[in-house]
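# Architecture at a glance
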Amino acid sequence: MQHEVTTKINPVPLHQLIRHDRSMITMSDDNMMVKQIHATHAPDGREFDVKPLFQLVEDILNRATPGVDPLISAAQTRIETSDDRTNQANFIALLEALSFTIDRISCEIAYKSLGGGDAHATTLSIFNLLTSYSWEAKLVLTLSAFAVNYGEFWLLAQIYSSNQLAKSMAILKQVPNILEHSGQLKPRFDALNNLIKAMVAITRCIIEFKELPPMYISQDVPALATALTHIPTAVYWTIRSVVACATQITTFTSMGHEYWISATNEAWELSTLAHKINSILDLLKKQLTLCHQYIDDKRSAEAFQTLLNLFQSIHIDNMKILRALISPKDDVLPLLEGSTKRRVNIDVLRRKNVLLLISGLSISQDELSILEQIYNESRVQGNRMESQYEVVWIPVVDRSVAWTDAMQNRFETLQATMPWYSVYTPTQIDKAVIRFIKEVWHFRNKPILVVLDPQGKVVSPNAIHMMWIWGSTAFPFTSLREEALWREESWKLELLVDGIDPTILNWIKEGKYIYLYGGTDMEWIRKFTTTARTVASTARIPLEMVYVGKSNKREQVRKCTTAITLEKLSYCWQDLAMVWFFWIRLESMMFSKIQLGSTVDVDPMLREIKKLLSYDKEGGWAVLSKGSFVFVNGHSSTVLPTFTQYNAWKDDVPPKGFDRACMDFHSKLHGDSQPCCRFEFPSEFGRIPENIKCPECLRIMEKYITFGCCHEENAISAFY
């Protein structure tokens, strides 16, 4: 007669282990618990790199976890590197030194799980075993002990059907029976997997705190101090979760399936612990993010200071400067060559004059087309001094905004049109460089052109104004060259239209009367052109008129151009890029003069330039010239009456000449009614003058902040 053995050592169920200290699950700041674990913490100063061991443990848990994807996509990379590290002698020596401790922890957990100790007491016993280790080492060693047993369990589950030894061991551990009921146990498996994920994630996070560079962050920094306060609690709950998971596996291998199925609270208990750990993990991740931000700011400040020092030093060539700006991470091929579209080394710029074209992705096609024209013209005669420079485009993008496909497409489109060098990708420009560009070179959003000589010295913080006014003739783009070029200029029509339209230059040579006019009031335009032509016919002077639009309101200018052409009122620039270039040159003249310290009370040329820019903001206007000689620069309110009242000054034409008679009469009208003057400086301009004198009355002008919208697309991204 056979007798069935009915007695066996039963482990205390998981829910009983947890319920003894249920209050601790909802009280993470329990002072007694914190005091208890701190009382066990007495590190002896011995440190070891926990990262290789953690990678090995993570590999085991990832591969053992049934029915789930790897914990994170990057884990596979770490796993591959851990395969190499396990072969390294120093890592093997580390394992030999720690194996006894890992075995003790494993035995402690197994014994307490079978013996019925409560979870808190078991957790404290593990802390007592690990007194001399750091917080992150306690975690990794405990996870290692768990991984040995957990990995063995699932290794048998994976290979027992094809390996006789594994099959025999699996039967002893009831593995086939467990897998047979895996469907009914799925909620518990899922809860177990989720808890293991949380344990691994919080361990990884705590290790990251340990790896923060002490030269950039100290423990008194609020974010790190907060994290360090919570790390002991995080370690406690993670080790306690290891105990719970180990108890769950012990339950599987030590009790029959009738118990597994009847123990319905087990999944809930595991989920409660997972929620607890994830809550702490969220807090630690926030602090870790703040720590990384603090470190980034410190590194950025250090790199910024390095840049400042670099630009204050003397160099034998420009390589240090250019590498710091364009290739701070020592990219071998940081540039894209414009004509071949091949990546090249920064050495192609060695000891050359380099013009850094700095802009956002909003740089307009008008700006690019004019720059390209100037650049290509300078290359026609390669032996000329004006061609001895290279241009490099540095796109500045907002790092706080996520880089999108649309932004990448915009960048590639712009890059493809450029005949000069450009950085290969905007992301290679360091944040410290962007800060330097904005704070030192005053970049906002409008393109600037910073000129470096062959030794990397800044000879012009922004030569874009010189480039718009004189093109490559301004080489080498220094302030001395700028002053010399202005000494050669005078207030004449060539200054306004040079490099834009050869037709007007031919009219100037022929000595014709030429009227440039602008605005978007078609009624005024009709009256002005008709009256001016009638007066010219009466006075028998050869007259040409040119409509040059307005500095903004592009669509209205387009409509006016179409109407003027259809009605044959005057000559127009059909290409609106020419209109844009006219106004950007005029604006550049003002900025160039102001940058050199000129004022309207001592510089008649600046006075006339500012008048014209002001008239553009206040309606229509006209510049009247005879050949080169500009004899009227007036607002619509005075220019049109000058012609409508022609009979009042026609008798002065024979003795004075048409130009002088017209100028004198206009001056009288102008003196009687001076229009208000107004200048607008978009916030995206880098250097805005502190104050400006009125070109009419020479008083300091009042300053306002204005918000405007012309209801046009790309109003912010393009000047015109």
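This one's a predicted model, so the numbers in the text were calculated from it and none came from an experiment.

Calculation criteria
- Residues numbered from 1 in each chain as written.
- Predicted model: local features only at pLDDT ≥ 70, side-chain atom pairs only at ≥ 80, totals over all residues.
- Heavy atoms only, no water.
- Helix = DSSP H or I, 4+ residues; strand = E, 2+ residues; numbered from the N terminus.
- Buried < 20%, exposed > 50% of the residue type's maximum accessible area, 1.4 Å probe, protein only.
- Lys, Arg positive; Asp, Glu negative; His and termini not counted.
- Salt bridge = Lys/Arg side-chain N within 4 Å of Asp/Glu carboxyl O.
- Polar contact = N/O pair within 3.5 Å; in protein donor to acceptor, adjacent residues only side chain to side chain.
- 1 Å grid on protein atoms, 1.4 Å probe; cavity = no way out; pocket = protein on both sides within 12 Å on 5 of 7 lines; lining within 4 Å.
- Points joined across faces, edges and corners; volume = space filled by probe spheres on them.
- Nonpolar A, V, L, I, M, F, W, Y, C, P; charged D, E, K, R; others polar.
- Phe/Tyr/Trp six-rings, centres within 6.5 Å; stacked < 30°, edge-to-face > 60°.

Our focus in this paragraph is the side chain of D501. For D501, the position within the fold is in the loop between α21 (493-497) and α22 (502-509). Salt bridges are absent for the buried D501, whose nearest opposite-charge side chain, K509, sits at 12 Å. Looking at D501, its side chain comes within polar contact range of the side chain of W573, at 2.7 Å.

As enumerated under the stated definition, the model contains three cavities of 30 Å³ or more in all. The calculated volume of the second largest cavity comes to roughly 60 Å³. When residues of the lining of the second largest cavity are traced back to their parent elements, those giving at least two are α16 (365-379) and β4 (389-395). Among the elements that line the lining of the second largest cavity, the one with the most residues is α16, at three residues. Partitioning the lining of the second largest cavity into residue classes produces nine nonpolar, no polar and no charged.

Once that is clear, we can look at unusual backbone geometry. Omega for the bond connecting F475 with P476 falls within 30 degrees of zero, at 5°, which places this linkage in the cis form. Structurally, P476 is set in the loop between α19 (464-470) and α20 (479-487). In the Ramachandran plot, K341 falls in the positive-phi region, its phi being about 60° despite a non-glycine side chain. Tracing the chain through its elements places K341 in the loop between β1 (335-336) and β2 (343-344).

Now for the packing of aromatic side chains. Working definition: an aromatic ring pair is given by the centre-to-centre distance plus the angle between the planes. A full pass over the atoms with the stated rule returns 34 aromatic pairs. Measuring from centroid to centroid gives 6.3 Å for F48 and Y133, while their planes differ by 85°, and the two rings are edge-to-face. Remark: Y133 occurs in the loop between α7 (119-129) and α8 (135-159) and F48 occurs in the loop between α3 (31-39) and α4 (51-64); sequence separation between them is 85 residues. Owing to a relative accessible area of 19%, F48 belongs among the buried residues under this scheme. Residue Y133 is classed as buried on the basis of its relative accessible area of 14%.

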